[in-house]
There are 2 protein chains.
Amino acid sequence: MDQLKDGQICSARVRENQGRFKKMRKENDYETDEHAQEHVVPPGLIVVQTEGILTGEITNKEIDESIKPTQVAGNFVGRILRYLMGINGLRLWHSNENFGCSVGPNTFIAMQHVVQALKDKLLQVINSTNNIPKFQIFFNDHVINDFNALFQSLPIDRSYYAFGFPGTFHGRLFPSRSIHFAHSSCAIHWLSKIPKELLDEKSPAWNKGSIHYIGTSNVEVVNAYVAQFEKEMEMLLNARAEEIVEAGMIVLVTPFASYTSLMNCFGSSLMDLVNELDESLADSFNLPMYFPSPEDMTKVVEKNGCFSIERMELTYPKSKLVNEADAKTLMINLRAVLEGLIINHFGSEIAEEDCARTILKS
Amino acid sequence: MDQLKDGQICSARVRENQGRFKKMRKENDYETDEHAQEHVVPPGLIVVQTEGILTGEITNKEIDESIKPTQVAGNFVGRILRYLMGINGLRLWHSNENFGCSVGPNTFIAMQHVVQALKDKLLQVINSTNNIPKFQIFFNDHVINDFNALFQSLPIDRSYYAFGFPGTFHGRLFPSRSIHFAHSSCAIHWLSKIPKELLDEKSPAWNKGSIHYIGTSNVEVVNAYVAQFEKEMEMLLNARAEEIVEAGMIVLVTPFASYTSLMNCFGSSLMDLVNELDESLADSFNLPMYFPSPEDMTKVVEKNGCFSIERMELTYPKSKLVNEADAKTLMINLRAVLEGLIINHFGSEIAEEDCARTILKS
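What comes next is a walk through the structure. These figures come from a predicted structure and were not determined experimentally.

## A few points about the interface of chain A and chain B
- Residue-level contacts link 40 residues of chain A with 40 residues of chain B.
- Interface of chain A and chain B: buried area, both sides summed, is about 3500 Å²; carbon and sulfur atoms make up 55% of it.
- Linking chain A to chain B there are 0 salt bridges.
- Counting the contacts that link chain A with chain B gives 8 residue pairs in polar contact (both at pLDDT 80 or more).
- Counting residues per element, the ones that place at least two in the side of chain A that touches chain B are β2 (89–95), β3 (134–141), α5 (147–152) and β4 (161–166) of chain A.
- Here the residues of the side of chain A that touches chain B sort into 18 nonpolar, 13 polar and 9 charged.

Encoded structure:
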């Protein structure tokens, strides 16, 4: 695939039916499935990266719309139509894995957009409401997520059957060939763990004096994060490739951060946060997040080879945050996401004090 | 079907393929499904009634074993084997709808017994572990259930994919033809609401001075409970009949209470409970539970006509509770189940005081 440029839409289905699709991983009995056949028509993949997610500059509505639901629905229905005969229910996986934040209306609104677009498209081609399959949505998050709140806030007038379940999307979540459409929003930048060499004094990637790869001059630290991200994306893509039905589809929405002034701003805010903490406590903490570049995403998807790339796109690429003065806005947004992690490591008093001071100083 | 006697096992499949299966209900767009075809081989049904559930005289293990899991697995696999080709996952619905009590190990142990028996039987006939479909279990309860606790206590070594979802089993929970095996344990005796005529001063079924049908001399009260139970069972059976796949199966485990000294004991304990309460407060409360007799179950299943009856059985029929002196044991068991309901209506202080006094007096 050609190098991505901002806003560029890659040619669709370039690799469909080329027979380049890998054997699925077979790690242990629970995760393998002898029923699983390799796809004849591999599942499609759409990746949308938006810088605005990271900085909080775009709204949830804009994030939801960034995938262009109508276009996604057109792709999906075009792919799967000939396999719909006899299907009574379309099964959708949704992950909004944001460390316990995937409750409340935003989670449902995103999927409501997708479901409505899919129904509209199906209605165009099937031409009878009664013949449109029912929808089942499986809301997935970590086991620490508040599923009670999720279930209690399910829209009364929803037009789908709703289920919840705990589990990490880096492993298997469903039997083979059982999901028609997979959707992950603002989640894949979370790493399941930090690369262990960051804490190893003997490693060239020891990340002393820093809590992330952003803002460090040590390229080994960046490489360790990249390697962890690539490994986890390979696991995610392999698992979904087994779970998604013939000609199904996955859509990934993920933040993108360019290596510009925004990065420095982000890094310096984080440094402020731990400036006056115990040194060893700060050294043992690293943020488990990697913000992939379009090149990173292209590399992992191409290397994996299980999906037919429908579209990879960078939206909202021009950050409005151009200098240090905007650190306050950024910090407010980041705080909402990171506070839990920082409290867990540093305690609530230190986290509270440092967040407040960072915002005041910036 | 012949009248049931204690311990009698009814002849299996007596009505299979007799073409007597009703049109499914079509109440509104969400609940209907034009894809749904009538079953050629209707789903099978097993009902096991055990008196011991009500009195707490049998253990959870005995309740789980009362369905005879190996026999159930034999029935189920025999029915569904020829439909298994191409199925990667068997989907199981489990309801242990006990007003917020369906968390913790008992819920999982019941399904583990069923899953293990099904796997053992499948292995006998398929003869290769790798070819046995994966299992998905959908744990269902009211929205007020603690699903967080349910998910956090899922067995680490489970051999199935687990999901949870809120919803009442009197309505639709899944798309048509999407569940292979349905299992409801100790749940169908809960009514979704009390019959409204019990609170109507002008109705012959006005239940003044009593909070249940047990212990009343007014046959109209009993009839109102029976009618409500029949209506709700019809809804449950219709919904499951649409959801269960060709040749699938449902197993219902339910308490049974005979109209003997046990009933009087139960009734008098409940009367003690409200003896010193405000009269109108007591009059406006009725327990939303009906304990079906084998004749009741036979009637609703026969009238519904959507299922092929594999087995209807009464187990543990001889209660050890024979006189008033056992009311204490009974009350302790009932308290665990009813306390929430009574607190909601009467307040926690009154409920606590009266439960304690009832146990002391009995």
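Alright, that's what it looks like, and here's the rest.
## Let's talk about the pairing of strand β3 (residues 134–141) of chain B
Residues and elements named next belong to chain B.
- The element β3 is extensively covered by neighbouring structure, given that 8 of its 8 residues are classed as buried.
- Burial along β3 is two-sided: the residues Lys134, Gln136, Phe138 and Asn140 and Phe135, Ile137, Phe139 and Asp141 are all buried.
- Judged from the 7 bridges that link them, strand β2 (residues 89–95) and β3 form a sheet pairing that is parallel. Of the residues in β3, the one forming a bridge with leucine 92 is isoleucine 137.
- Across 6 bridges, the pairing between β3 and strand β4 (residues 161–166) is parallel. Counted as the bridge partner of glutamine 136 is tyrosine 161 from β4.

## Concerning the packing of aromatic side chains
- Per the counting criterion, the structure on display carries 29 aromatic pairs over all chains.
- Residues phenylalanine 76 of chain B and phenylalanine 181 of chain B carry aromatic rings whose centres are separated by 5.2 Å and whose planes lie at 85° to one another, so their mutual orientation is edge-to-face. With phenylalanine 76 of chain B in helix α3 (residues 69–80) and phenylalanine 181 of chain B in strand β5 (residues 179–185), this pair connects stretches of sequence that are 105 residues apart. In terms of burial, phenylalanine 76 of chain B and phenylalanine 181 of chain B fall into one category: buried.
- Measuring from ring centre to ring centre gives 6.3 Å for tryptophan 93 of chain B and phenylalanine 169 of chain B, while their planes differ by 85°; the resulting arrangement is edge-to-face. Separated by 76 residues along the polypeptide, tryptophan 93 of chain B in strand β2 and phenylalanine 169 of chain B in the loop between β4 and β5 bring together distant segments of the chain. Neither tryptophan 93 of chain B nor phenylalanine 169 of chain B differs from the other in exposure class; each is buried.
- Here the aromatic residues Phe138, Phe163, Phe165 and Phe174 of chain A together with Phe138, Phe163, Phe165 and Phe174 of chain B are joined through ring pairs into a cluster of three or more.
- When the ring centre of tryptophan 93 of chain A is taken as origin, the NZ or CZ atom of arginine 240 of chain A, which lies over that ring, is 4.8 Å away.

## Side note on the packing of helix α6 (residues 219–243) of chain A against helix α9 (residues 294–304) of chain A
Residue and element names in this part refer to chain A.
- One can describe the packing of α6 onto α9 by two numbers: an axis separation of 10 Å at closest approach and a directional angle of 45°. Taken together, the axes of α6 and α9 lie oblique to each other. Of the two possible hands of crossing, α6 and α9 adopt the one that is right-handed. Where α6 abuts α9, its residues Val226, Phe229, Glu230, Met233, Glu234, Leu237 and Asn238 lie against Asp296, Met297, Lys299, Val300, Val301, Lys303 and Asn304.
- Of the residues assigned to the contact of α6 with α9, the class counts are 7 nonpolar, 2 polar and 5 charged.

How each quantity is defined
- Residues numbered from 1 in each chain as written.
- Chains lettered and ligands numbered in written order.
- Predicted model: local features only at pLDDT ≥ 70, side-chain atom pairs only at ≥ 80, totals over all residues.
- Heavy atoms only, no water.
- Contact = heavy atoms within 4.5 Å.
- Buried area = accessible area lost by both parts, 1.4 Å probe.
- Salt bridge = Lys/Arg side-chain N within 4 Å of Asp/Glu carboxyl O.
- Polar contact = N/O pair within 3.5 Å; in protein donor to acceptor, adjacent residues only side chain to side chain.
- Helix = DSSP H or I, 4+ residues; strand = E, 2+ residues; numbered from the N terminus.
- Nonpolar A, V, L, I, M, F, W, Y, C, P; charged D, E, K, R; others polar.
- Buried < 20%, exposed > 50% of the residue type's maximum accessible area, 1.4 Å probe, protein only.
- Pairing = 2+ DSSP bridges.
- Phe/Tyr/Trp six-rings, centres within 6.5 Å; stacked < 30°, edge-to-face > 60°.
- Lys NZ or Arg CZ within 6 Å of the ring centre and 35° of its normal.
- Axes fitted to C-alpha atoms, helices over the stretch in contact; angles between N-to-C directions.
- Parallel < 35°, antiparallel > 145°, perpendicular 65-115°, else oblique.
- Left-handed = near helix turned anticlockwise from the far one by under 90°.

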